[in-house]
Amino acid sequence: MMKNLLKTVMVIVAISFCSCGSGEDKYAIEDALQKEWDISNSNSAVGAVDCNVFSVKVDKVEGNTVYVSYSLKSQYASGDKKIVKLKDAKLTKDSNGNYKVESTGY
């Protein structure tokens, strides 16, 4: 009995750990990318003064790694605004359900 219960718990944990790309995950992915861009821009003398990550699309899931494409709207100190579409951003989901940006894409 205890052995079957342990197997069930392990399967549930494995499924929840690897379930990248759900609706909730898209918001978490968007948030992780936004934070990464905010940090990157604040550390750069020529970085955008404001940026917004939007239209996140999950392209591929491999275990706890997810690859996404998304759009990034940036505004610079000069007043210039740019929207770019980025692809192949790589994020890894940890056991707590948090995403770490490995690559912001290109």
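No experiment lies behind these values; they were computed from the predicted model shown.

### Some points on the overall build of the chain
Scanning the chain from N- to C-terminus turns up 2 helices and 4 strands. Each helix (α) and strand (β) of the chain, taken in turn from the N terminus, gives the series α-α-β-β-β-β. In the chain, buried positions account for 27% of the 106 residues. Relative to all contacts within the chain whose residues are 6 or more apart in sequence, the contacts with residues 24 or more apart total 41%.

### Here we look at the pairing of strand β1 (residues 50-62)
Bridge count for β1 against strand β2 (residues 65-75) is 10 bridges, and the pairing is antiparallel. Of the residues in β2, the one forming a bridge with F54 is S71.

### Overview of the confidence of the model for the chain
Scored by pLDDT, the chain has a mean of 86; 80% of the residues are at 70 or more. Considering only residues more than four positions removed or in separate chains, one finds that residues 8-18, a stretch of pLDDT under 50, has 7 contacts.

### Details of the nonpolar core
The biggest cluster of nonpolar side chains holds 16 residues, and the ones touching the most others in it are I29, L33, V68, Y70 and L91. Elements with a contribution of two residues or more to this core: α2 (23-42), β1, β2, β3 (81-93) and β4 (99-103). Ignoring sequence-local partners within four residues, the contact set of V68 consists of I29, L33, V56, K57, V58, D59, K87, D88, A89 and L91.

### Remarks on the packing of aromatic side chains
Think of a pair of aromatic rings as described by two things: how far the centres are apart, and how the planes are tilted against each other in angle. Under the definition given, this model contains 0 aromatic pairs. K60 extends its terminal NZ or CZ atom over the ring of Y67, reaching a point 4.8 Å from the ring centre.

Basis of the calculations
Residues numbered from 1 in each chain as written. Predicted model: local features only at pLDDT ≥ 70, side-chain atom pairs only at ≥ 80, totals over all residues. Heavy atoms only, no water. Helix = DSSP H or I, 4+ residues; strand = E, 2+ residues; numbered from the N terminus. Buried < 20%, exposed > 50% of the residue type's maximum accessible area, 1.4 Å probe, protein only. Contact = heavy atoms within 4.5 Å. Pairing = 2+ DSSP bridges. pLDDT = per-residue confidence, 0-100. Core = buried A, V, L, I, M, F, W, Y, C linked by side-chain atoms within 4.5 Å. Phe/Tyr/Trp six-rings, centres within 6.5 Å; stacked < 30°, edge-to-face > 60°. Lys NZ or Arg CZ within 6 Å of the ring centre and 35° of its normal.

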